[in-house]
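# Observations on chain architecture
If you want the building blocks of each chain, they are given just below.
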Protein chains: 2
Amino acid sequence: MFRLQTIGRGSLCSGILEQCSSEFTTKTLRHLSSVWKPSRDIEVEGVKSLSTAEASAVMPKDENGRIRDRILTLETMSPLVKAVEYAVRGPIVIKAGEIERELNQGIKKPFTEVIRANIGDAHAMGQKPITFLRQVVALSTFPELLESPSFPEDAKKRARRILQDCGGNSLGSYSASQGLEIIRENIATYLEHRDDGIPADPNNICLTTGASDGIMSILKLLVTGDGLSRTGVMIPIPQYPLYSAAISELGAVQVNYYLDEDNCWALDVSELHRALSSARKYCTPKVLCIINPGNPTGQVQSRKCIEDVIHFAYEEKLFILSDEVYQDNIYSPDCQFHSFKKVLFEMGPEYFNNVELASFHSTSKGYMGECGFRGGFMEVVNMDPDVRTQMIKLLSVRLCPPVSGQVAMDVVVNPPQPGEQSFEQFAKEKKTVLRELARKARLTEEILNSVPGIKCNPVQGAMYAFPRIFIPPKAIQEAKALGMAPDMFYCLQLLEETGICVVPGSGFGQKNGTYHFRMTILPPVEKLKLLLTKVKEFHINFLQQYASSESTSR
Amino acid sequence: MFRLQTIGRGSLCSGILEQCSSEFTTKTLRHLSSVWKPSRDIEVEGVKSLSTAEASAVMPKDENGRIRDRILTLETMSPLVKAVEYAVRGPIVIKAGEIERELNQGIKKPFTEVIRANIGDAHAMGQKPITFLRQVVALSTFPELLESPSFPEDAKKRARRILQDCGGNSLGSYSASQGLEIIRENIATYLEHRDDGIPADPNNICLTTGASDGIMSILKLLVTGDGLSRTGVMIPIPQYPLYSAAISELGAVQVNYYLDEDNCWALDVSELHRALSSARKYCTPKVLCIINPGNPTGQVQSRKCIEDVIHFAYEEKLFILSDEVYQDNIYSPDCQFHSFKKVLFEMGPEYFNNVELASFHSTSKGYMGECGFRGGFMEVVNMDPDVRTQMIKLLSVRLCPPVSGQVAMDVVVNPPQPGEQSFEQFAKEKKTVLRELARKARLTEEILNSVPGIKCNPVQGAMYAFPRIFIPPKAIQEAKALGMAPDMFYCLQLLEETGICVVPGSGFGQKNGTYHFRMTILPPVEKLKLLLTKVKEFHINFLQQYASSESTSR
C-alpha cells in the first residue's frame, strides 16, 4: 500500500477526487491501480523494468516518497546562473510581497500599505497611460474599432499603416526578427531628427523586447574567451544590475569604474583609465557600458564628458554600449540630453568611421512608462556587416519582439504632429507627466537633504534618487553579525517599520564603506511626501537607536 | 581636407544638409569644423590626444575612411553565437524576401507571388484571429472600452479581472516575473481539467515570452561543465531548430536520437538507449527533449510511447523537457494528445515523486495562432524549490513577459463557458480553424504522396508536412559542387521557379542520405492546392532535368 503524496496545491487524491463520488477511497484506489497497470511491466529492449512494487521495495524513500536525489539542484545547476544577482526584484521585494499578504490577511502593522519605490514602474505608481498610445495599440489589436467614431483619425491612420506592414494585416503574425520595417523607418526618422540630421539607417535598427533584451543580445555577440582573454565589460558603479547579471550569465568579467559621488556622480575619464589598466592584468576589456541619464544615480552627462568618453573608447579600442532609455527624462534646467551617436558624428570621420557603438531605448521609461509592453529598440553604428547578419540570425531564433510592444514604440517615435487631431491632448499629457516628474525630483532631493545623515545628489534625470546614508558603526556590526550588508539591514528595517520598499545600494554597487539606497521618484506627490517624511523619521530614529560616541559626526 | 563618407541611408553631408541652405558646401564645412573643434585637443589626464588632422595624417585609411580593424568581427565574435543556426528564418527565407522585393519592383518572374510555407505563422497565411481573444486584449489595453456597449460582458469580465491584478490597473506596469497571479491560477485550473484532475500548482507555472523563452530558460539552468562533464541534451532528429540553436548558444552538447520515418516518425525507446550510451562516451547527458505533437514531423505520440519515454528518463536520470505547443492541433481521428505530466502521474508515486519535468505551451500555435503576442507558459514538476527560486531570479532579470501576451494566454486557458455570451461564437471560430487544419493536413498528405519521388507520412498533428524527397544523384553532385546541401539546392530552385518558400530538411536534421523539406499546411485551401500542384510539377521536372540511368529507382 502507499501513502497519497501531497503535491502542489492539493494531493493526487484531491485531484482524482474531482472525478470520484462520495465512496472515493475504493474508487480512487481502483482508479490508481488501473492507471498504474501500464507502467507495471514495460519491456524496453528486453530490459525488464522495475515494477512500482519492486521499486518501492528495493529503493529507500525520503519523506516525500522521493527515491533518489534530483538531477537539477543548487549543486548541479549552472554556476553562471547561480552567480546572477538582481536586487531590483531581490529579497527586499520578496519580503515586501510577504508583508502585503499579511496586511491583506488583516495582520496589524505600524502602516496600512506597502509603498513600492523599488522599481521604475510608473503605471503601478498611478501614472496614467498616454491616451494616443493606447488608442493606436487597441486599434491595431482589434481592427473592428477602425470603424468606430470614438477613435481619432490620426490614431486610426497609424494603426492602419502598421497593420499594412503585418502579415495578414494582423498583430498576431510574426514580424521580421528586427521588427516591422515601417517602425524601423519611423525610428530612423526620429533619430535623425533627434540628432540634428545625422543619418540613421533602418537596417542598423532592431526592435527588442525592452532594452534589456537588446543589451543582452549585443553582449552575447561580444563575450568570448577564457582566463586572460576573457572579455572584460566596463560598467559604472553604481550600475543598473541588469549589467552585472548579464555579465555573470555570460561568464564575462565585470570591470568596475566608479562614478564620482562628490561631483554629482560625474564620469571622470581618469577613472576609466585606472579601471582599464588594472583590468588588463586579469582579462581583455572589450566593452564600455554607459548609462546616461544615470540609473540609479540620476546624473545627466555633459557633452564634454561624452566626448571624452568616446575619445577614450576610440583610443583604447572599446565597443560602446550606451543605455539611453531615460533620454526623455531630463529635469534639471541646466542639463540637456546628448546622444552618444550625435556626439560621435560631430567628432569627425576618424571617430564616426571607427568607433563601434550600440545604443538602446525603451517604451518602459520616458513619459509613457509602458513597461508591460516590453517595447524597445537598439541602433548599431559601425557594426561589421557580417556581424550584423550574425546578430539578426541570433535574434531570429526568438522569432520577433512582441508586436504590440513594437506598436507602442512606434507611437513614441512617431507621435501626433501639430495640426493632427490628437496633437494637443498628447502634448498636454506628455508635458504633465514630465513636469510632475521634475517636481518630484526636486522634492525628493530637498527632503532627503534635510535629513541628518542623508546626502542626496540632485536628480537631474532618469527616475531615481540614490541618497548616501550614514549607518552607525553599531548598526554595521549588528548587520555583519547577521551576515547582511549594512544597507540591506537598513532597508529591511525601513520596510518592516514603515512599509516603504527601497533597494539597498549594495545591489547596485558602491564605494566600500559607503551606503545608499535607490528609491524611485514615481509615487504621486502626496504619497511621495508621505514616503519621504517617513524615511526622515525612520532615519532619525535609526541614528538614535544605534547611537554611539562616534556616530554623531559623519 | 576629407571626403564626406556615405553612412547608412545618406551621408553626414545629406544629414547636415537638412540644417543647411543652398550654399551648403561652405556652411556644411563651417559647421563640421565648428563641431569638430571640441575633439581637436582633448586633454585626458595629461595624455594629449591626436587631433583629427594628425590622426588622418599618421594612420592608413581603408576606402571607408576606416583607420583600423573593428573590435567586433566574425573572427572576434562569440563562437557560440556564430555556431547558432536557425533554418526557419535562414538563407532560403532571406532569398524569398529578395524575390518579393523584385516582384514589387515589377521584375518579371514565372510567378506573381511568393507563398511563404516556411514558418508556422497562421495569421500571415490569412487565418482570422479569435474574436473573443482580441476583444479581451483590446479591452485591457484601452479600458475606456469597458463602457462600450459593443463589447460582450464576458470579455469585459475577463478584462476587468486581469486589470485588477495589474499594478495601477494598467497593462503598462510590470507583472511579477512569473506572470500575473490570476493568469497563473487560471492556467493551473486549465491544466487540472486537461489532465483529469491531476493537481497543478500556480507556483510551478511561469508565463513566458513564447515557448522558446521558457525552453531557453530551463536549458540555461541545466547546462554546465566542460569536456566529458559537458551537459548533453537529447533532441529528436528531425527537430525544431530552436533546440540546436539553444544548445549551440549555451555551449552544451547536442545528442541526436532519430525518429523512425518508416514507422510514422515514431519514437522508439531502443533508439533512445543507443543515442544515450554512445553520447556517454563524450559528454554527460542530463536532458531529454520531446516535441509532441512533432515539429517538423507532425506525429502524435501514443500513450504507451510516452510511458516508455518517461520510464527511460526515470531509469537514466534525465530531466524531461516536453514541448507541447501543438497540444490542440490533433487532426487524425486515431490520435489523441496525452500530456507528459498526466502520464507521469498515472505511472504512480515512484515516477511522479521523482521524474523532473518541464512542459511548455504557447499562444502562437493551436487554433488561435497568435504568434505576434509572444505569449506562453511553462509548468515544472518536481523542480527543487531552491532551483525554482534561482529560476525566478533568472526570469526577474528580464523583468516580465509582455503583459498583452499574458492576457492572450489567459483567454486560451480561460475561454468563454457554455451560457456565457461569447461561448457560441468562440466555439464556432475554434472549431472552424481546427476543422480546416485537419482538412489541409489530409489534402497535403494525399497530394504529396501522389508525386513520384515524394513520400509523406500522415500529418497527425501540429501544422507541418515533412515529406521525404528523392533527389537524383546528378542533382546531388551539382549541389555538392556548389557547396550546398542537396535539399537546400532543391528548395532554392523550387523558390526561384515557383515562388514557394519551404525549408530544407537539412535545417531540421535527417538521416544521412535522406532529403526532406518542411512546409506548413497553413495556406488557405485553394492556395494550398495551388502550392501542392506547383510542387508536384516542379518535382517531376526536377527528376527529368537531373535524370540519369540510376535515378529511376529509389
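Conventions adopted
- Residues numbered from 1 in each chain as written.
- Chains lettered and ligands numbered in written order.
- Predicted model: local features only at pLDDT ≥ 70, side-chain atom pairs only at ≥ 80, totals over all residues.
- Heavy atoms only, no water.
- UniProt positions renumbered as here; feature names shortened; annotations may be inferred.
- Helix = DSSP H or I, 4+ residues; strand = E, 2+ residues; numbered from the N terminus.
- Phe/Tyr/Trp six-rings, centres within 6.5 Å; stacked < 30°, edge-to-face > 60°.
- Buried < 20%, exposed > 50% of the residue type's maximum accessible area, 1.4 Å probe, protein only.
- Lys NZ or Arg CZ within 6 Å of the ring centre and 35° of its normal.
- Pairing = 2+ DSSP bridges.
- Contact = heavy atoms within 4.5 Å.

Looking at an unreviewed UniProt entry, one finds chain A named alanine transaminase and attributed to Erpetoichthys calabaricus. UniProt annotates chain A under Subunit (unreviewed entry) with the comment "Homodimer." The Pathway (unreviewed entry) field of the UniProt record for chain A holds the comment "Amino-acid degradation; L-alanine degradation via transaminase pathway; pyruvate from L-alanine: step 1/1."

## Side note on the UniProt feature "domain: Aminotransferase class I/classII large" (unreviewed entry) in chain A
UniProt's feature table lists "domain: Aminotransferase class I/classII large" (unreviewed entry) at residues 153-530 of chain A, given in the numbering used throughout. As a span, residues 153-530 of chain A carries 43% helix and 15% strand, and end to end its C-alpha atoms are 42 Å apart.

## Overview of the packing of aromatic side chains
One pass over the full model with this rule turns up 32 aromatic pairs over all chains. A centroid spacing of 5.0 Å and a plane angle of 75° characterise the contact between Tyr490 of chain A and Phe542 of chain A, whose relative ring orientation is edge-to-face. With Tyr490 of chain A in helix H19 (residues 486-498) and Phe542 of chain A in helix H20 (residues 525-545), the pair connects residues that are 52 residues apart, well separated along the chain. For the pair Tyr490 of chain A and Phe542 of chain A, a shared accessibility class is recorded, and that class is buried. Aromatic pair Phe542 of chain B and Tyr546 of chain B: ring centres 4.8 Å apart, planes at 50°, arrangement tilted. With respect to class, Phe542 of chain B is no different from Tyr546 of chain B; both count as buried. Within the aromatic cluster, the residues linked to one another by ring pairs are Phe489, Tyr490, Phe517, Phe538, Phe542 and Tyr546 of chain A. Above the face of the Phe345 of chain A ring, Lys341 of chain A is positioned so that its terminal group lies 5.7 Å from the ring centre. Just above the ring of Tyr464 of chain A sits the side chain of Arg518 of chain A; from NZ or CZ to the centre is 3.9 Å.

## Looking at the sheet that holds strand S17 (residues 503-504) of chain A
Strand order in the open sheet formed by three strands is S14-S18-S17 (chain A), and the pairing between neighbours is antiparallel. Two strands lie at the open edges of the sheet, namely strand S14 (464-465) and S17 of chain A, each paired on one side alone.

## Quick notes on the environment of Leu434 of chain B
Residue and element names in this part refer to chain B. Inspection of the secondary structure assignment puts Leu434 in helix H17 (residues 423-449). As a C-alpha pair, Leu434 and Tyr331 span 103 residues in sequence and 7.8 Å in three-dimensional space. Setting aside its immediate chain neighbours within four residues, Leu434 contacts Asp328, Tyr331 and Tyr367.

## A word on unusual backbone geometry
Glycine aside, the phi torsion of most residues is negative, and most peptide linkages are trans. Residue and element names in this part refer to chain B. The residue after Ile237, namely Pro238, is reached through a cis peptide bond having omega 0°. Mapping Pro238 onto the fold places it in the loop between strand S7 (231-237) and helix H10 (242-250). Of note, the bond from Asn292 into Pro293 is cis; its omega dihedral lies within 30 degrees of zero at -10°. In this fold, Pro293 is placed in the loop between strand S9 (284-291) and helix H12 (303-316). Even without being a glycine, Ala462 presents a positive backbone phi close to 60°. With relative accessibility at 0%, the residue Ala462 sits in the buried group.

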